[in-house]
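# Descriptive analysis of the structure
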Amino acid sequence: MTTAPVVPTGPSPDATGAPGTAKTAGLAVASLVAGILGLCTAGLGGIAGVILGIFALRKIGRSGGALRGRGLAIAGLIVSVCTVLVWMLAAVVVGVLLLGPESKLMEKDVARPKAAAPPADARLSPAAPTAAAPAELTLDLGGGVTMKMVLIRPGKFVMGSPDSEEGHQRNEGPQHEVTISKPFYMGVTEVTQAQYEAVMGTNPSHFRGPTNPVETVSWIDATEFCRKLFEKTRQAVRLPTEAEWEYACRAGTRTAYSFGDDPVALGEHAWWAGNSDKTTHSVGQKKPNAWGLYDMHGNVRE
Ligand SMILES: [Ca+2]
């Protein structure tokens, strides 16, 4: 697991949580049902008004029907006017329901997650490094545990591998140029078990050792680790994107490995199936790449 503190794009998931959605949905359904009932009422009332009007006109045409015709006309008028009034009342009630209690509901909903979510402005600075930012950054995780990070400067690189490369997999192509437009910090090693435990209070790893990389963690665990690391250090921390990770791993090279194309040199740079003895090893023992990052090849997969 490798971390990179930078400015996250988009809102925090906590800030857009959906408490109150059920109540809103309830109101929407109530509004819909009221609308359908209103439509039915209006339709029936309108039809009754029209029928009464037609009967009234027909009575008026006959001898001595003026009195009955007038009665029917008045009845039709009353039904029509009542229908319109019921409609207006229904509209007012629905409006009050939607705008009155709902607006109070929303205020409550917004207020609740604020305490848990990091304030948006805290993520903008000073964790958003500029090109002039220090080349290295050390986070204090407490209890004497630190995490060293290195500044990765913006640039362009060719992402993916050519079809002709040995070991090429389909999801590594087609190759395409990617621009990393903003600098970011990247942990110089995989996250160790000591670092993980200092932040999370637990160590789920199968292969034990405080300086060994943490493993058996899910993406959700890793995301929670980043969130808690933010709470500890007030530095915006997140997982690197796939493009950022590959950019940092390649460190300016276009070869199969960051040290060249020849796998014979792999043992100097990585713990892999040929030398790992099927276990993880303390981080940072092999040679780093050109940008000072260790174990980008081998040990645990990122
Ligand atoms: Ca690795």
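The preceding data block contains the structure.
Residues numbered from 1 in each chain as written. Predicted model: local features only at pLDDT ≥ 70, side-chain atom pairs only at ≥ 80, totals over all residues.

### Some thoughts on the overall build of the chain
Operational definition: Secondary structure counts use DSSP, requiring at least four H or I residues in a row for a helix and at least two E residues in a row for a strand, with both numbered from the N terminus.
When helices and strands are counted, the chain shows six helices and five strands. What you see in the chain, going N to C, is helices and strands ordered as α-α-β-β-β-β-β-α-α-α-α.

### Quick notes on unusual backbone geometry
Going from Gly173 to Pro174, the amide bond is cis rather than trans, its omega being -5 degrees. For Pro174, the position within the fold is in the loop between strand 3 (155–159) and strand 4 (176–180). The phi angle at Thr216 is positive, at roughly 60 degrees, despite the residue not being glycine. Phi angles above zero are rare outside glycine, and Ala251 is one such case at about 50 degrees.

### So, the packing of helix 3 (residues 193–200) against helix 4 (residues 219–233)
As a reminder, the rule being used: In this analysis, axes come from line fits to C-alpha atoms, helices being fitted only over the stretch in contact, and the angle between any two N-to-C directions falls in the range 0 to 180 degrees. Any angle between 65 and 115 degrees counts as roughly perpendicular, while under 35 counts as roughly parallel, over 145 as roughly antiparallel, and the rest as oblique. By convention, the crossing between two helices is left-handed when the near helix turns anticlockwise from the far helix through less than a right angle, and right-handed when the turn is clockwise. By the convention adopted here, residues are in contact when the distance between their C-beta atoms, placed from the backbone, does not exceed 7 Å. Side-chain classes are defined by residue name, with Ala, Val, Leu, Ile, Met, Phe, Trp, Tyr, Cys and Pro counting as nonpolar, Asp, Glu, Lys and Arg as charged, and the others, Gly among them, as polar.
Where helix 3 meets helix 4, the closest approach of the two axes is 9 Å, and the angle between their N-to-C directions is 70 degrees. Here helix 3 lies roughly perpendicular to helix 4, going by the angle between them. Our pair here, helix 3 against helix 4, has a crossing hand that is left-handed. Contacts between helix 3 and helix 4 pair Tyr196, Val199 and Met200 from the former with Phe225, Lys228, Leu229 and Lys232 from the latter. For the contact of helix 3 with helix 4, the class distribution of residues is five nonpolar, no polar and two charged.

### Focus: helix 5 (residues 242–250)
To keep it simple, the criterion reads: Field definition: a residue is buried when 20 or more other C-beta atoms are found within 10 Å of its C-beta, exposed when 12 or fewer are, and partly exposed for counts in between, with C-beta atoms placed from the backbone.
Three or more residues of helix 5 are buried, namely Glu244, Tyr247, Ala248 and Cys249. Buried residues in helix 5 make contact with strand 2 (145–152), strand 3, strand 4 and strand 5 (184–187). Where helix 5 ends, the next residue or the one after it, Ala251, has phi of about 50 degrees, a positive value.

### Points about the sheet that holds strand 1 (residues 136–142)
Convention followed: Following DSSP output, two strands are said to pair if at least two bridges run between them.
Pairing is antiparallel in the open sheet, where three strands are placed in the order 1-2-5. One side of each edge strand has no neighbouring strand; the edge strands of this open sheet are strand 1 and strand 5. Along the sheet, successive strands turn relative to each other by an average axial angle of 35 degrees, direction set aside. Of the pairings in the sheet, the one linking strand 1 to strand 2 comprises six bridges and is antiparallel in character. For Gly142, the partnering residue across the bridge sits in strand 2 and is Val145.

### Section: helix 3
Among the eight residues in helix 3, six count as buried, and that is most of the element. Those residues of helix 3 that fall on the buried side of the exposure criterion are Gln193, Ala194, Gln195, Tyr196, Ala198 and Val199. In the segment just after helix 3, Gly201 is the residue with positive phi, at about 80 degrees.

### Concerning the nonpolar core
Rules: In this usage, the nonpolar core is the set of buried Ala, Val, Leu, Ile, Met, Phe, Trp, Tyr and Cys residues whose C-beta atoms join them within 7 Å.
In this structure, Met149, Tyr185, Met186, Ala248 and Leu293 are the most contacted members of the largest nonpolar core, which totals 16 residues. Elements with a minimum of two residues in this core: strand 1, strand 2, strand 5 and helix 5. Among the nonpolar cores identified, the runner-up in size contains twelve residues, and Val191, Val199, Val217 and Ala236 belong to it.

### Notes on the environment of Thr279
Here Thr279 shows up in the segment after helix 6 (266–269). On the neighbour-count criterion, Thr279 (12 C-beta atoms within 10 Å) is exposed. Residues Thr279 and Arg208, 71 residues apart in the sequence, show an inter-C-alpha distance of 9.6 Å.

### As for the pairing of strand 4
A regular strand places its side chains on the two faces of the sheet in alternate fashion. Little of strand 4 is tucked away: zero of the five residues are buried. Summarising the sheet, strand 3 and strand 4 pair through five bridges and their orientation is antiparallel. Across the sheet, the residue bridging to Val158 is Glu177, located in strand 4.

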